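Now for the letters of each chain:
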Amino acid sequence: MTIVLKLGGSVITEKDRPETLDGRALDETADAIAEALADGTVEDIVLVHGGGSFGHHHANEFGVSTTAGSHAVDAVHAIHGAMTTLNRFVLQRLLDRDVPAVPVAPFSAAYRSGDGALTLPTGQVETLLGEGFVPVLHGDIVAHVGAGVTVVSGDELVVELADRLGADRVGLCSAVPGVLDGNDAVIERIESHEDVASVLGDSDTTDVTGGMSSKVRALLALDGPASIFDLDGLTAFLAGERPGTTVDGER
Ligand code: IP8
């Protein structure tokens, strides 16, 4: 049973304050993952974390997004550097709880072709999993033919990993308890983007990768169902339940 779990940047960082961790939330997240691994509820898990106030802050400053590229070497170092800093924080909280977490940096492995299509080799992730490690990837920048570098979001990585690894379960731990309707109630199930187009606005903080609308679009492209939930739903998700919103593009 392989799980791909994304820890949203807005969960583990304070999204409105540049390069600020939400230490309490990250501790809670690491506790839940460590407990699920320790009691055997979870065996193979790949983690991906978003950019939050680390990556998005710098990407915004340099005008880099998933489609708008840059050839500035400063942009590469600022954005990738901030993401590896955040990755080290995430790894450390997991290591403190005896989770065998190891970094996998998309910048060194992935790239986009001229039409923006992402190529992400996953052999190293698969091998690390097989050898008992917990690979921890993160939103990053990647080489992009004709554009320099562009951002790759954690959501894109989750979709690629889930597909390539044949993940049994996919979860996005986000800042909200699921996809919300106009009355702030959690929508239990989404089967197409049209179902929810009118209620999916853009993210209200600095987010160069598009907010909830693009998350739902990305998850609809998966073969199986995926869950969007918040920190309160994380333990339930790890235990095999479907908290929050289930996004299932297969009819
Ligand atoms: O927060 C974006 O990842 P996301 C990463 O998953 C960067 O969209 C570098 C902004």
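Our structure's up above, just so we're on the same page.
Description of the structure in this document. (Residues numbered from 1 in each chain as written. Predicted model: local features only at pLDDT ≥ 70, side-chain atom pairs only at ≥ 80, totals over all residues. Heavy atoms only, no water.)

1. Concerning the sheet that holds strand 12 (residues 245–247)
Right, on to step 1. Within the open sheet, the eight strands sit side by side as 3-6-2-1-9-11-12-10. Their pairing is mixed. Where the open sheet ends on each side, the last strands, each with one partner, are strand 3 (101–103) and strand 10 (189–190).
Right, on to step 2. Note: strand 9 (residues 169–173) against strand 11 (residues 226–229), three bridges, orientation parallel. Bridge pairing links Gly-171 to Ser-227 in strand 11.
Right, on to step 3. Sitting on the sheet, helix 4 (residues 73–95) is in contact with strand 2 (44–49), strand 3 and strand 6 (134–138), with an inclination near 155° to strand 6. (Pairing = 2+ DSSP bridges. Helix = DSSP H or I, 4+ residues; strand = E, 2+ residues; numbered from the N terminus. Contact = heavy atoms within 4.5 Å. Axes fitted to C-alpha atoms, helices over the stretch in contact; angles between N-to-C directions.)

2. Structural notes on the pairing of strand 2
Right, on to step 1. Where burial is concerned, most of strand 2 is hidden: five out of the six residues are buried.
Right, on to step 2. For strand 1 (residues 2–7) and strand 2, the ladder comprises six bridges, and the chain directions are parallel. Residue pairing across strands places Lys-6 opposite Val-48, the latter belonging to strand 2.
Right, on to step 3. Note: strand 2 against strand 6, three bridges, orientation parallel. Residue pairing for strand 6: Leu-47 is matched across the bridge by Val-136. (Buried < 20%, exposed > 50% of the residue type's maximum accessible area, 1.4 Å probe, protein only.)

3. So, the packing of aromatic side chains
Right, on to step 1. Applying the stated criterion across every chain yields a total of two aromatic pairs.
Right, on to step 2. Here Phe-229 and Phe-237 contribute two aromatic rings whose centre-to-centre distance is 4.9 Å and whose plane-to-plane angle is 25°, an arrangement assigned as stacked. Accessibility classification places Phe-229 together with Phe-237 in one group, the buried group.
Right, on to step 3. Its guanidinium or amino end placed over the ring of Phe-237, Arg-169 lies 4.3 Å from that ring's centre, counting from NZ or CZ. (Phe/Tyr/Trp six-rings, centres within 6.5 Å; stacked < 30°, edge-to-face > 60°. Lys NZ or Arg CZ within 6 Å of the ring centre and 35° of its normal.)

4. Regarding unusual backbone geometry
Right, on to step 1. Of note, the phi angle at Glu-19 is positive, near 50°, even though the residue is not glycine.
Right, on to step 2. Within the fold, Glu-19 resides in the loop between helix 1 (9–12) and helix 2 (23–38).
Right, on to step 3. Despite not being glycine, Asp-184 shows a phi value in the positive range, around 65°.
Right, on to step 4. Take Asp-184: its relative accessible area is 62%, and that puts it in the exposed class.

5. What about the sheet that holds strand 5 (residues 118–119)?
Right, on to step 1. In space, the four strands of this open sheet follow the order 5-4-7-8, with mixed pairing throughout. Each edge of the open sheet is held by one strand with a lone partner, namely strand 5 and strand 8 (148–152).
Right, on to step 2. Two strands pair when backbone bridges link them, and strand 4 (residues 111–112) and strand 5 are joined in this way by two bridges, in the antiparallel orientation. Looking at the pairing, Tyr-111 lines up with Thr-119 of strand 5.
Right, on to step 3. In this fold helix 4 packs onto strand 7 (140–144) and strand 8, with an angle of close to 140° to the strand it touches most, strand 7.

6. Things to note about helix 3 (residues 52–61)
Right, on to step 1. Taken across its ten residues, helix 3 has seven buried, putting it largely inside the fold.
Right, on to step 2. For helix 3, the full list of buried residues reads Gly-52, Ser-53, Phe-54, Gly-55, His-56, His-58 and Ala-59.
Right, on to step 3. Looking at the buried residues of helix 3, the elements they touch are helix 1, helix 4 and strand 8.
Right, on to step 4. Of the residues trailing helix 3, Gly-63 is marked for its positive phi of about 65°.

7. A short note on the environment of Val-11
Right, on to step 1. Residue placement: Val-11 occurs in helix 1.
Right, on to step 2. The spacing of Val-11 and Leu-21 is ten residues in sequence and 9.3 Å in space, taken between C-alpha atoms.
Right, on to step 3. The contacts of Val-11, once residues within four sequence positions are left out, are Asp-22, Ala-25, Thr-29, Cys-173, Ser-174, Ala-175 and Leu-231.

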